[in-house]
Amino acid sequence: MTQPLRLGIAGLGTVGIGVVKIIRRQAALLEARTGRPVVITAVSARDASKDRGVSLKDYAWETDPVALSKRDDVDVFVELMGGHEGAAKDAIEAALATGKDVVTANKALLAIHGQALAEQAEGAGRVIRFEAAVAGGIPVIKSLTEGLAGNEITRVMGVMNGTCNYILTRMEATGQGYNVLFDECAELGYLEADPNLDVGGIDAGHKLALLSSIAFGTKPAFDDVQLEGIQRIQLDDIRAAADMGYRIKLLGVAQRTARGLEQRMTPCLVPANSPLGQLEGGTNMVVIEADAVEQVVLRGPGAGEGPTASAVMGDVCDLARGLRIATFGQPAETLQEAPAAQTGLPAPFYLRLSLLDKPGALAKVAAILGEAGISIDRMRQYGHDEPTAPVLIVTHKCTRATLDAALHALEATDVVDGAPVALRIEEL
Ligand code: NAP
Ligand code: HSE
């Protein structure tokens, strides 16, 4: 009989239990598709006494994930614990050192240590797969490394954090504020253990760093991703964007430019009638632009038990079939250092300022923008009961660096209260 592919699974939370369920439910289908049985030999989590809603009695239990990763009866170490240091990193390194292939959903770990882990894996003739780490159930890594392998990728962009998209779309649909919807996400169990990873754009930034490495043949460079979260977005911004025919999205964009590799994960205005503008709730979307295929749009669930376990199983099945692709789509030693673009391409920006209601205040704002060479396209001031009034401005195209200098100057005046909000308007 053909040798089974034997898995050791560390982490039996949302994703780990989803994987166990698929393997139990679809044993015959998996064997038919890969030509060999896919079995679990051992599992690990912190609490052996926890009822996880599925029987684990057929599998050996290891309290220590590193011990699990080194077992002789494990061919593939499946890391589903999370965290970019500690147990996950130690266990993956131990698995590679003892001749195991690795499947993981851990975007934080790979965005930060991916290059070193890929070099270790390839040095040992092993493979690391991580489809579940980016955009949940969407097979975006497979699309980039396999289906689009004959293309030069020009731009990758997308909405890659379901929690942020849920908050932003529910703000528009319900008229509820950011704080109310943040609490709703907590109740629904959507938030990462550290919610700042979601709303601060960090989780999505990790995902973008992984995609740009594959797309552009560069070493993953999370520290070079320009990051901004959604915490300062208010209903005023959502409504003003809608009035102008836009929606606000936490948008990731990675592209090679003459100034270096541009990677940003920031809240942006996108046309409401574009595919990205129409994306609702926790759904993710990745848009890939390339020389031959032109544009591919991938849309699907970005998180949750079933979708994420589905992506893990795609990787497991590839290994069962003998498919072996370098971690980032080409040998780790050939990945280039890419200088980070210091400033993005010029774009129009949406600004919200809190302006003291006194004579000459608007004139001061207009003068500072004018002196910076920033031309105003539209401006609106709302009625108010406070000593400050929200003023919304849309600029003509300028660079973010020019705008930042002007925003600094505005903050230093006696008419602008607090830090202005500035959102790029992305024409797709
Ligand atoms: P989770 O529900 O919090 O589960 C984590 C599991 O890891 C738990 O079973 C926990 O054990 C175990 N664990 C944690 N530290 C451990 C340690 N030191 N030793 C042994 N076991 C340990 O997390 P999750 O949502 O399944 O996420 C797992 C990974 O998938 C993360 O990297 C996450 O970023 C990624 N991911 C998740 C989703 C999603 O929708 N949830 C989507 C994409 C990617 P106990 O149960 O005993 O506490
Ligand atoms: N917290 C992540 C999200 C989970 O909201 O998209 C999937 O990576």
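Residues numbered from 1 in each chain as written. Chains lettered and ligands numbered in written order. Predicted model: local features only at pLDDT ≥ 70, side-chain atom pairs only at ≥ 80, totals over all residues. Heavy atoms only, no water.

*Asks:* Please clarify how the overall build of the protein chain should be interpreted in this entry.
*Replies:* Check the secondary structure of the protein chain and you find 14 helices and 16 strands. The globule rule puts the C-alpha radius of gyration for 428 residues at 22 Å, and the 24 Å found for the protein chain is close to it. Considered along the principal axes of its C-alpha atoms, the protein chain spans approximately 85 × 45 × 35 Å. By residue count, 54% of the 428 residues in the protein chain fall in the buried class. Of the roughly 17,600 Å² of accessible surface on the protein chain, 49% is carried by carbon and sulfur atoms. Where the 40 positive side-chain charges of the protein chain centre and where its 54 negative ones centre are 4 Å apart. (Helix = DSSP H or I, 4+ residues; strand = E, 2+ residues; numbered from the N terminus. Rg over C-alpha atoms; globule rule 2.2 N^0.38 Å. Buried < 20%, exposed > 50% of the residue type's maximum accessible area, 1.4 Å probe, protein only. Areas by Shrake-Rupley, 256 points an atom, 1.4 Å probe, with all protein chains shown as cover. Lys, Arg positive; Asp, Glu negative; His and termini not counted. Charge placed at Lys NZ, Arg CZ, Asp CG, Glu CD.)

*Asks:* Help me out: how do you make sense of the site of ligand 2 in this one?
*Replies:* The immediate surroundings of ligand 2 are formed by Lys107, Asn161, Gly162, Thr163, Glu192, Asp198, Asp203, Lys207, Gly302 and Ala303. Here a nitrogen atom of ligand 2 sits 2.8 Å away from a polar atom, N or O, in the side chain of Glu192. One nitrogen or oxygen atom from the side chain of Lys207 is found 2.8 Å from an oxygen atom belonging to ligand 2. Within the complex, 89% of the 250 Å² of free accessible area of ligand 2 lies under protein. (Near = heavy atom within 4 Å. Polar contact = N/O pair within 3.5 Å; in protein donor to acceptor, adjacent residues only side chain to side chain.)

*Asks:* Mind showing me how you'd approach the pattern of salt bridges here?
*Replies:* One side chain can pair with another of opposite charge once the charged atoms of both are near each other. With the rule as written, the count across this model stands at 30 salt bridges. Close ionic contact of Asp414 with Lys358 constitutes a salt bridge, the shortest N to O distance being 3.7 Å. With Asp414 in the loop between α14 (400-411) and β16 (421-425) and Lys358 in the loop between β13 (349-356) and α13 (361-371), this pair connects stretches of sequence that are 56 residues apart. Looking at Asp414, the relative accessible area reads 44%, which means it is partly exposed. Look at the salt bridges and you will find they share partners, linking Arg129, Lys142, Glu146, Asp315, Asp318 and Arg321 into a network. (Salt bridge = Lys/Arg side-chain N within 4 Å of Asp/Glu carboxyl O.)

*Asks:* Just to check I follow, could you spell out the pairing of strand β1 (residues 5-10) for this structure?
*Replies:* Counting buried positions over the six residues of β1 gives five, a clear majority of the element. Pairing between β1 and strand β2 (residues 38-44): six bridges, direction parallel. Pairing of Arg6 across the sheet is with Val39, part of β2. (Pairing = 2+ DSSP bridges.)

*Asks:* Explanation requested: the nonpolar core in the structure shown.
*Replies:* Soluble globular proteins tend to pack their nonpolar side chains together in the buried interior. Ranked by internal contacts, the top residues of the largest apolar core, which has 79 residues, are Val140, Ile153, Leu211, Ile230 and Leu269. Counting residues per element, this core draws most heavily on helix α10 (residues 202-216), at nine residues. The next biggest cluster of nonpolar side chains, apart from the first, holds 33 residues, and it includes Ala45, Leu56, Ala311 and Val316. (Core = buried A, V, L, I, M, F, W, Y, C linked by side-chain atoms within 4.5 Å.)

*Asks:* Got a minute to help me understand the site of ligand 1 in this structure?
*Replies:* Near ligand 1, the surroundings consist of 22 residues, among which Leu12, Val15, Asp47, Arg52 and Gly304 are the closest. Bound to the protein, ligand 1 loses 79% of the 900 Å² it would expose on its own. When the residues that make up the shell around ligand 1 are grouped by side-chain class, the tally is ten nonpolar, seven polar and five charged. (Nonpolar A, V, L, I, M, F, W, Y, C, P; charged D, E, K, R; others polar.)

*Asks:* Where do I start with the packing of helix α6 (residues 140-147) against α10 in this structure?
*Replies:* Relative orientation and spacing of two packed helices are given, respectively, by the angle between their axes and the distance between those axes. One way to put it is that α6 packs onto α10 with a least axis distance of 10 Å and a crossing angle of 10°. One finds that α6 runs roughly parallel with respect to α10. Residues Val140, Ile141, Leu144 and Thr145 of α6 touch α10, and the partners they reach there are Leu211, Ile214 and Ala215. Its residues assigned to classes, the contact of α6 with α10 comprises six nonpolar, one polar and no charged. (Axes fitted to C-alpha atoms, helices over the stretch in contact; angles between N-to-C directions. Parallel < 35°, antiparallel > 145°, perpendicular 65-115°, else oblique. Contact = heavy atoms within 4.5 Å.)

*Asks:* How should I be thinking about the sheet that holds strand β4 (residues 76-79) in this particular structure?
*Replies:* Picture the strands of a sheet paired through backbone hydrogen bonds; they go either parallel or antiparallel. Here we have six strands laid out as an open sheet, ordered β3-β2-β1-β4-β5-β6, and parallel in their pairing. Looking at the sheet topology across the chains shown, the edges are occupied by β3 (60-62) and β6 (128-129). The pairing of strand β5 (residues 101-104) with β6 spans two bridges and is parallel. Bridge pairing in β6 links Val102 to Ile128.

*Asks:* I keep staring at the domain arrangement of the protein chain and nothing clicks. Help me out?
*Replies:* For interface size, the figure often reported is the accessible area lost on association. The domain architecture assigned to the protein chain consists of domain 1 (5-133), domain 2 (145-301) and domain 3 (349-425). If you average the C-alpha positions of domain 2 and of domain 3, the two centres end up 25 Å apart. Taken residue by residue, the interface counts 15 residues in domain 2 and 16 residues in domain 3. The junction of domain 2 with domain 3 conceals about 1,400 Å² of combined surface from both sides, 52% of it contributed by carbon and sulfur atoms. Connecting domain 2 to domain 3 are two salt bridges. If you list the elements that add at least two residues to the side of domain 2 that touches domain 3, you get α11 (235-243), β9 (246-257) and β10 (260-271). Partitioned by chemical class, the residues of the side of domain 2 that touches domain 3 number eight nonpolar, one polar and six charged. (Domains from an automatic or database assignment. Buried area = accessible area lost by both parts, 1.4 Å probe.)

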